[in-house]
Protein chains: 4
Amino acid sequence: MGSRTSALVLALALVACVSPAERKCLLSGSWRSDTGCRMVVSVLGKDGSFSGSYLPGPATRDSEILTSPLEGSQQDARLVPQPTFSFTVHWQLRDSETARTTVFLGQCYVDTNGEETLHALWLLREAAESPEEDWKATRIGTSIFTRIK
Amino acid sequence: MGSRTSALVLALALVACVSPAERKCLLSGSWRSDTGCRMVVSVLGKDGSFSGSYLPGPATRDSEILTSPLEGSQQDARLVPQPTFSFTVHWQLRDSETARTTVFLGQCYVDTNGEETLHALWLLREAAESPEEDWKATRIGTSIFTRIK
Amino acid sequence: MGSRTSALVLALALVACVSPAERKCLLSGSWRSDTGCRMVVSVLGKDGSFSGSYLPGPATRDSEILTSPLEGSQQDARLVPQPTFSFTVHWQLRDSETARTTVFLGQCYVDTNGEETLHALWLLREAAESPEEDWKATRIGTSIFTRIK
Amino acid sequence: MGSRTSALVLALALVACVSPAERKCLLSGSWRSDTGCRMVVSVLGKDGSFSGSYLPGPATRDSEILTSPLEGSQQDARLVPQPTFSFTVHWQLRDSETARTTVFLGQCYVDTNGEETLHALWLLREAAESPEEDWKATRIGTSIFTRIK
């Protein structure tokens, strides 16, 4: 099916006289979140995997956070124009021994002008002492990222 | 800090006359979820990373789901007894072209008898057509896994 | 379809020699959560509304929590055997001026033995200082309640 | 305590030369969500309770949704400038017999210009057949509302 899809994408690209790169959303590059954080994502591997860094931005007063590594993957990155993605950030904190991890799950949208936007929901967990304390371990929220050019 | 922690763990182990291995939770192995699904997790890499498979169990009527690959990592797997973890499942569906992805974020607990339990929250996303349709793309829930012996 | 369903329910009731009332799940009464909290729910109003109290149970070490009022409603309480419900708890805390609110959204299930179980997801929010701090205001989790007889 | 607070607010208002009304966020009135839906909220009761309607906006293609009733409450509505709130919408659908309910949990923020914004997380549940099907019953997302003037 991969080759049929590729052929279709190529055909559409020739008809529309646009390069596929303009209309496809890829996570590689630099992004800014709606809360002012920055994120740098590596070139994608052949399987859609990537690594990168999450950086506290100027809008973040929480100076406790250091630049933190992220790992993730994009689904069908070269087959569909608006792929879904997931990645995990293992937070590096200045003065804390508590492990904190965030998972992001989202989709990369591209509009008719080629502008890309990432819409994601995330879960943030701190380590708990015991199953009895587990109920309060997880926070939830959304993030929207736009590309830094 | 690693050597201090190791020394402490060793000391506690000697005092308690139990091997540290019995009291540490590791994701490697086979697990059953409270909804009857099964999960097989590989031996952990040095950095805590793992791969594996998610299998629909007998309790799942949804025969549409095929065995699906998972990728994830465990934090501080050899340093703390009850590490947090995250993993992603890319669903393989029989008759669907819609991409579906689930991210799990949880913690591995071990009780005084050495019984391990995984507590996790998950987000499940389907690909949406556009940002306007994005609001309904994500489901949420919890899973509890116990080890299959 | 309503009359067909009624006929079916009546037929099943006659066969099983139980009154339909025994097979319908209603929130009124006393419940215990899987985390050891207790909840008392009033008799339902005609529109399915109810009030009640949420009490920290013996399993809760968090003695900061006082008995807290709850308000909610059950949907189609007298029409369907397994109705959905929602309620809000405004937490009364001993030493805190921070407002905390939890919303529960769930469904009341009844098995073939007439045993009732409530499955719910909840969101817990603390007041934040500003929209910039809003991202970390909300926790999420699940609760399962069984009736105290 | 109400009269003391009123006196304090009056004093602050005189000092700052602004009317208290400009700086306090109240849910009463008309709002538009970031997904183009509209919401009308009644005058608050003495206990902070309110009712209202949720209307599909022009941006919503989902013509299946009819104007649906909402019920909720605002916490400490007259005591704090940026109160938290919760409300429930029981969806009225044109061609569906499936009960759908959304709970919103959020906070009303007001900026230095007196502009109000509601930030909320929501859970949306459909009725499920049985506890085994419960895992897929709940969706999650966020909404941001601005006042329609």
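Residues numbered from 1 in each chain as written. Chains lettered and ligands numbered in written order. Predicted model: local features only at pLDDT ≥ 70, side-chain atom pairs only at ≥ 80, totals over all residues. Heavy atoms only, no water.

**Focus on the relation of the copies chain B and chain A**
Move 1: Turning chain B through 180 degrees and shifting it by 0.0 Å along the axis lays it on chain A, with an RMSD of 0.0 Å. Given the turn and translation reported, the copies of this chain are related as if by a two-fold rotation axis. For chain B, the residue whose C-alpha comes nearest the rotation axis is B:V103, separated from it by 3.5 Å. (Least-squares fit on C-alpha atoms with pLDDT ≥ 70 in both.)

**Points about the packing of aromatic side chains**
Aromatic ring pairs are defined here through the distance separating the ring centres and the angle between the ring planes.
Move 1: Applying the stated criterion to the full structure yields 32 aromatic pairs over all chains.
Move 2: When the centroid spacing of 6.2 Å and the interplanar angle of 65 degrees are considered together, the rings of D:F50 and D:F87 count as edge-to-face. Of the two residues, D:F50 is situated in strand β3 (residues 49–55) and D:F87 in strand β5 (residues 84–90); the sequence distance between them amounts to 37 residues.
Move 3: One aromatic cluster is present, formed by A:F50, A:Y54, A:F85, A:F87, A:W91, A:F104 and A:F145 through successive ring pairs. (Phe/Tyr/Trp six-rings, centres within 6.5 Å; stacked < 30°, edge-to-face > 60°. Helix = DSSP H or I, 4+ residues; strand = E, 2+ residues; numbered from the N terminus.)

**Observations regarding the interface of chain B and chain A**
Move 1: Each side of the interface is counted separately: chain B has 34 residues, and chain A has 34 residues.
Move 2: In total, chain B and chain A occlude about 2,600 Å² of area from one another, counting both sides; carbon and sulfur atoms represent 60% of this.
Move 3: Between chain B and chain A we count zero salt bridges in total.
Move 4: The tally of links between chain B and chain A comes to 16 residue pairs in polar contact (both at pLDDT 80 or more).
Move 5: Listed by contribution, the elements that provide at least two residues to the side of chain B that touches chain A are β5 (84–90), β6 (100–110), β7 (116–126) and β8 (138–147) of chain B.
Move 6: Sorting elements by how many residues they give to the side of chain B that touches chain A places β6(B) first, with eight residues.
Move 7: Its residues placed into classes, the side of chain B that touches chain A shows 14 nonpolar, 13 polar and seven charged. (Contact = heavy atoms within 4.5 Å. Buried area = accessible area lost by both parts, 1.4 Å probe. Salt bridge = Lys/Arg side-chain N within 4 Å of Asp/Glu carboxyl O. Polar contact = N/O pair within 3.5 Å; in protein donor to acceptor, adjacent residues only side chain to side chain. Nonpolar A, V, L, I, M, F, W, Y, C, P; charged D, E, K, R; others polar.)

**Notes on the confidence of the model for chain A**
Detailed reading of the predicted model is not advised wherever pLDDT is low.
Move 1: Of all residues in chain A, 81% have pLDDT values of 70 or greater, and the mean over the chain is 83.
Move 2: Across the interface, the model reports ipTM at 0.82; the global pTM reads 0.85. (pLDDT = per-residue confidence, 0-100.)

**Here's the deal with the environment of C:C108**
All names here are of chain C.
Move 1: Examined against the element boundaries, C108 turns out to sit in strand β6 (residues 100–110).
Move 2: For C108, a relative accessible area of 0% translates into the label buried.
Move 3: The spatial distance from the C-alpha of C108 to the C-alpha of I144 is 9.9 Å, given a sequence separation of 36 residues.
Move 4: Those residues in contact with C108 that lie beyond four places of it in its chain are C25, L26, L27, P81, Q82, P83, F85, T117 and L118. (Buried < 20%, exposed > 50% of the residue type's maximum accessible area, 1.4 Å probe, protein only.)

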